Structures are given as C-alpha cells and as structure tokens.
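The primary structure of each chain is shown beneath.
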Amino acid sequence: MSTESQAVYEAIGKNQGEGQRLEEQYPLFKKYIRKDRVIFDEAVTLGDNAVVLDVGTGAGLNIVHGSSILLKPCLPPSPSMLSTPPLPSSPQSIPKTSFFAKHSGTALPQTWTNKFDFINQSLLAGCLTRDDWIQDLQELFRVTKPGGHIQLFEPSFESWDCPPNSANGKMKSMYKVLFDNTSLIYDLGVKLPHMLLDTGFVVVGQHKSTFPVDTNDGAPVQQCVGMMIRWLRNLQPPILRFGLLGSAEEYESLLKEMQEEWNHGVPTENFFVIHARKPVA
C-alpha cells in the first residue's frame, strides 16, 4: 500500500470495535445490497477442484461462512478457499477447506500466479490509493486462472444523488475533499469497469444498489441506519483534521440532519458489484 498519504480506513482503528462493526455490516450488505445474491456473473461455474480467493476479508465472515453463505449456490462440496488479510473473530469456526493468509493485495505471492478460479474483493475504497488500485488489479489479473472470474464490491460517492445544499450533499462534498487529499478514488464504483478493461479483463458487468436508510420502510432498516452512522462517526477524526468542520458537535449535528433527510427520501451513496473474466489466452 502506498505510504504517500494516509488513507481514510487507515485513520480508523483496527480494533475489536471495528471488527464488530464489520461483522454487523456483513449481513446487512448481503441482504440489502447484494439481495442475497452471491455470485452475480451467471457465467461462473466452479468445478470440484475450484480454488477461491477472498481479498480484504474484513472480519473473515466470507470464509468462515463460505460453504453455507458466500458461495452456497455455486461451490462444489470441497472447494479450497483462501482469504487475505485475516481478521477472523472465531478462528475455530474456519472450514477445513479454508485458510487465512496475510498478504497485501498489491503484492500477492508469486506462487499464486494463475491459481484461482474465482476471486472476491470487497470494500477497499478507503484503503487503496489510485496507484495502489492499479497494482491491485494487476495482481488480481495475475493470480486469476485463464478463464477465471473476479468480483468486486465498492461504492461510488460521485453517484450519490442528493441535493447539493442538503446535509447529505455537504457530506458528499466532504467525502470528495477527503478522498482527493488522501489519493483515494472518489468515484471508484463507476471507474472500476474501465480500470478492469485497461488491466486486461474482459466481459465486464456492473450492478448498482442503494443502501436503504429510510426508516419509514420498516424496523429492519434501523439496523442499516445505525451501521451507516457508525461508519460516518469513524470518519470524524480525518474530517476534523482536514478542517472540513469546526468541531465534533458540529459533525454530530450534521449526522442528525442527514438522518432526517433520509426519512424524507434522500438516499446515501450507491454501491456497485462489478464482475469480469480473465481471457483464456
């Protein structure tokens, strides 16, 4: 990972509280963004000897639940699954066919070249700089088997459809400044298809969903609101550090205004699932 600037996620403590947030986030994204779909590319088929990689595994739930949740509709009985980096909350629950390996997504082991039938990578928009993404996609291309598939899950704050003078619009503008000043890609979910093509992948597809935060849609959405607010609170230190707001109290007031707007139909940012294939030759 580039050290030229501090990425947003690097400003968030990698501690027990953040691990718990990631665990709580997993089922919400699975239900409301992925709509319980696991592999979005209908062309993906995995045989008995399939090898799967999960990059940026977070709390490890994609792998811990791999045989029953992540790839249940597609996986053969005994696939090999790898994940990087490791942060499992319950190591004893890791399936026997899976293991964790700690590597940077921008420098995967040379022994993994042409190894994986399917690669999943999620929510690294706050981790990787522009230069990091170029290297990351090149590494994913290298370790994917010819004819193999990858799937990426990322937001795009540029596609956040909210009034510019609203509280949500103010947060969107602060995201832009924050990402630009940390060399992150503000409109990543929109740009990734072209980046994948530039890397050499083919047959690129894209699916968009908006995270639900209108509590008028029912009690379960309260969980989504709570998770989104926790994530935004994590951004308070870098936002104050860059002088985008004057105080923690001002930031909390902005979050309350955002919640009120959500209940009147103002959305949060959009999330994208992007999939592609490595050419056979």
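What counts, and at which threshold
Residues numbered from 1 in each chain as written. Predicted model: local features only at pLDDT ≥ 70, side-chain atom pairs only at ≥ 80, totals over all residues. Heavy atoms only, no water. Helix = DSSP H or I, 4+ residues; strand = E, 2+ residues; numbered from the N terminus. Expected span 1.5 Å × (residues − 1). Buried < 20%, exposed > 50% of the residue type's maximum accessible area, 1.4 Å probe, protein only. Arc of directions from axis to C-beta. Contact = heavy atoms within 4.5 Å. Polar contact = N/O pair within 3.5 Å; in protein donor to acceptor, adjacent residues only side chain to side chain. pLDDT = per-residue confidence, 0-100. Phe/Tyr/Trp six-rings, centres within 6.5 Å; stacked < 30°, edge-to-face > 60°. Lys NZ or Arg CZ within 6 Å of the ring centre and 35° of its normal.

Below, the discussion takes up helix 9 (residues 248–262). Here helix 9 spans 21 Å end to end across 15 residues, near enough to the 21 Å set by a 1.5 Å rise per residue. Taken together, the buried positions of helix 9 are occupied by Tyr251, Leu254, Leu255, Met258, Glu261 and Trp262. Down the axis of helix 9, the smallest arc covering the buried residues is 120 degrees, so these residues share one side. The outward face of helix 9, more than 90 degrees from its buried face, is lined by the exposed residues Glu249, Lys256 and Glu260.

Unusually for a residue other than glycine, Ser183 sits at a positive phi of about 60 degrees. Within the fold, Ser183 resides in the loop between helix 5 (167–181) and helix 6 (188–199). The class of Ser183 is buried, set by a relative accessible area of 16%.

Attention now moves to the environment of Leu245. Mapped onto the secondary structure, Leu245 falls in the loop between helix 8 (236–241) and helix 9. The spatial distance from the C-alpha of Leu245 to the C-alpha of Met174 is 8.9 Å, given a sequence separation of 71 residues. In this structure, Leu245 is in contact with Lys170, Met174, Ile239, Leu240, Glu250, Tyr251 and Leu254, ignoring residues within four places of it in sequence.

Moving on, we get to the side chain of Asp54. As for its position among the elements, Asp54 is in strand 1 (residues 51–55). At 2.9 Å, the side chain of Asp54 and the side chain of Asn120 are in polar contact.

What follows deals with the confidence of the model for the chain. Residues at a pLDDT of 70 or more form 76% of the chain, whose mean pLDDT is 80. Confidence over residues 1–5 falls short of pLDDT 50; this stretch has 14 contacts with residues more than four positions distant or in other chains. Here residues 66–81 is modelled with pLDDT under 50, and outside its nearest four sequence neighbours on either side it reaches 44 contacts, counting other chains as well.

Taken as a whole, this structure holds twelve aromatic pairs when the rule is applied. Pairing Phe29 with Phe153 gives two aromatic rings, centres 5.4 Å apart and planes at 80 degrees, and the pair type is edge-to-face. Taken together, the residues Phe29 in helix 1 (residues 16–33) and Phe153 in strand 5 (residues 144–156) connect sequence positions 124 residues apart. A single burial state applies to Phe29 and to Phe153, both of which are buried. Between Trp112 and Phe116, the ring centres sit 5.4 Å apart and the planes meet at 85 degrees, which makes this aromatic pair edge-to-face. For Trp112, a relative accessible area of 8% translates into the label buried. Following the ring pairs from residue to residue traces out a cluster consisting of Phe157, Trp160, Tyr175, Phe179 and Tyr186. Across from the ring centre of Tyr186, 5.7 Å away, lies the NZ or CZ of Lys176, which sits over that ring. Stacked on the ring of Phe141, the Lys or Arg Lys278 has its end atom at 4.8 Å from the ring centre.

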